[in-house]
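# A structural walkthrough
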Amino acid sequence: DAGVIQSPRHEVTEMGQEVTLRCKPISGHNSLFWYRQTMMRGLELLIYFNNNVPIDDSGMPEDRFSAKMPNASFSTLKIQPSEPRDSAVYFCASSVTGNSPLHFGNGTRLTVT
Amino acid sequence: AQKVTQAQTEISVVEKEDVTLDCVYETRDTTYYLFWYKQPPSGELVFLIRRNSFDEQNEISGRYSWNFQKSTSSFNFTITASQVVDSAVYFCALSERETSGSRLTFGEGTQLTVNP
């Protein structure tokens, strides 16, 4: 099993540019989560999907953030336009439906200058 | 609302010492799940353990052990005979049954440094 795969590992972009982060969950996992990690706020849940349907997006900071899960094997998190305060590590995680453990990807380190 | 508190921001020990990382949680739910994750310097988040609220038995896995006490809402993590490779940030997390899926609320994390 390849685990949760995120791309890119690092992204450096200029303020105002669009950024798209990608995630491939573990095959057979029905829940997918996007978390953001910063020094100031720690690990925050942005949004999660169950069976490809967004269940709770209350953690999405603002309208500049959007997430999609077009099928069971792929999800994207998009920031448009990006701002320096969006700089963080973004983690994708997946789990079997229920309270089973989350399996995290290696994260995408985003730097917005 | 659920909350997880890890009061120890940083801990520094010398190799072979035992160290305990504290975790206190708040929840209104009677059924919930507690987790510990490790984040080494490389940055990935590694699952260590899951406990449900009905199972208060302590668990031991090699040098790792966990003490779950509902009476004090604590789920502490002990590393015995620490090693340099244990240096990492350790996160305690809580998932309530009422929430769908495995939505986790994380504590702030404890940075453990094990010195040779």
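Below is a short write-up of the structure. Computed from a prediction, not measured in an experiment: that's the story for all the values here.

So, on to the interface of chain B and chain A. Across the boundary between the two partners, chain B contributes 20 residues, which contact 20 residues of chain A. Between chain B and chain A, the buried area comes to about 1,700 Å², and carbon and sulfur atoms account for 55% of it. Across the contact surface, chain B and chain A share zero salt bridges. Between the two partners, chain B and chain A, sit three residue pairs in polar contact (both at pLDDT 80 or more). Of all the secondary structure elements, the ones that give two or more residues to the side of chain B that touches chain A are β5 (32-39), β6 (46-52) and β10 (88-96) of chain B. Considered class by class, the residues forming the side of chain B that touches chain A number eight nonpolar, seven polar and five charged.

Note on soluble globular proteins: their nonpolar side chains tend to be buried together. By size, the foremost hydrophobic cluster in this structure holds 23 residues, and its most contacted members are W36, F75, F77, Y90 and L112 of chain B. Looking at this core, the element that brings in the most residues is β10 of chain B, giving four residues. Setting aside residues no more than four positions away along its own chain, F77 of chain B makes contact with V19, T20, L21, W36, L48, Y64, S65, W66 and Y90 of chain B. Residues F65, M69, L110 and V112 of chain A belong to the second largest nonpolar core, which totals 20 residues.

Let us look at the state of the cysteines. Inspection of every chain in the model, using the stated rule, returns two disulfides over all chains. The disulfide partner of C23 of chain A is C92 of chain A, and the S-S distance across this bridge is 1.9 Å. Between C23 of chain A and C92 of chain A the disulfide shows an S-S torsion of about -70 degrees. By sign, it is left-handed. Remark: C92 of chain A occurs in strand β9 (residues 88-95) and C23 of chain A occurs in strand β3 (residues 19-24); sequence separation between them is 69 residues. C92 of chain A carries the same exposure label as C23 of chain A, and that label is buried. Across a sulfur-sulfur distance of 2.0 Å, C23 of chain B and C92 of chain B are joined as a disulfide pair. Taking the sign of the torsion about the S-S bond as the criterion, the disulfide between C23 of chain B and C92 of chain B, at about -65 degrees, is left-handed. Of this pair, C23 of chain B sits in the loop between β3 (19-21) and β4 (24-26) while C92 of chain B sits in strand β10; the two residues are 69 residues apart in sequence, bridging distant segments of the chain. Each member of the pair C23 of chain B and C92 of chain B is classed as buried.

All names here are of chain A. Strand order in the open sheet formed by four strands is β1-β3-β8-β7, and the pairing between neighbours is antiparallel. Because the sheet does not close on itself, it has two edges, and the strands there are β1 (5-7) and β7 (65-71). Across the sheet, the axes of successive neighbouring strands diverge by a mean angle of 15 degrees, strand direction being ignored.

Geometrically, a pair of aromatic rings is defined through the distance of the ring centres and the angle of the planes. Tallied over the full model, the rule gives 20 aromatic pairs over all chains. Relative to F106 of chain B, the ring of F104 of chain A has its centre 6.1 Å away and its plane inclined at 65 degrees; by these criteria the two rings are edge-to-face. A residue pair is termed interchain when its members come from two chains, as with F104 of chain A in strand β10 (residues 103-104) and F106 of chain B in strand β11 (residues 105-106). No difference in accessibility class separates F104 of chain A from F106 of chain B, as the two residues are buried. On the basis of an interplanar angle of 55 degrees and a centroid distance of 5.9 Å, the ring pair of Y37 of chain B and F106 of chain B is categorised as tilted. Within this pair, whereas Y37 of chain B is found in strand β5, its partner F106 of chain B is found in strand β11, the two being separated by 69 residues in sequence. The pair Y37 of chain B / F106 of chain B is uniform in exposure class, with both members buried. Each residue in the set F33, Y35, Y48, F91 and F104 of chain A together with F35, Y37, F47, F91 and F106 of chain B is aromatic and connected to the rest through ring pairs, giving one cluster.

What follows concerns the pairing of strand β11 (residues 108-112) of chain A. Residues and elements named next belong to chain A. Burial along β11 is one-sided: the residues T108, L110 and V112 are buried and none of R109 and T111 is. Inspection of the sheet shows strand β2 (residues 10-13) paired to β11 by four bridges, in the parallel sense. When the bridges of β11 are listed, H10 appears paired with R109. Sheet topology places β9 next to β11; three bridges connect them, and they run antiparallel. What sits directly across from A88, in β11, is L110.

What follows is about the environment of E62 of chain A. Residue and element names in this part refer to chain A. Turning to its location among the elements, E62 is positioned in the loop between β6 (53-56) and β7. Taking relative accessible area as the criterion, E62 reaches 26% and is therefore assigned partly exposed. Considered as a pair, E62 and N30 are 32 residues apart in the sequence and their alpha carbons are 26 Å apart.

The rules behind the values
- Residues numbered from 1 in each chain as written.
- Chains lettered and ligands numbered in written order.
- Predicted model: local features only at pLDDT ≥ 70, side-chain atom pairs only at ≥ 80, totals over all residues.
- Heavy atoms only, no water.
- Contact = heavy atoms within 4.5 Å.
- Buried area = accessible area lost by both parts, 1.4 Å probe.
- Salt bridge = Lys/Arg side-chain N within 4 Å of Asp/Glu carboxyl O.
- Polar contact = N/O pair within 3.5 Å; in protein donor to acceptor, adjacent residues only side chain to side chain.
- Helix = DSSP H or I, 4+ residues; strand = E, 2+ residues; numbered from the N terminus.
- Nonpolar A, V, L, I, M, F, W, Y, C, P; charged D, E, K, R; others polar.
- Core = buried A, V, L, I, M, F, W, Y, C linked by side-chain atoms within 4.5 Å.
- Buried < 20%, exposed > 50% of the residue type's maximum accessible area, 1.4 Å probe, protein only.
- Disulfide = S-S within 2.5 Å.
- Pairing = 2+ DSSP bridges.
- Axes fitted to C-alpha atoms, helices over the stretch in contact; angles between N-to-C directions.
- Phe/Tyr/Trp six-rings, centres within 6.5 Å; stacked < 30°, edge-to-face > 60°.

Worth remembering: the numbers are spatial, not functional.
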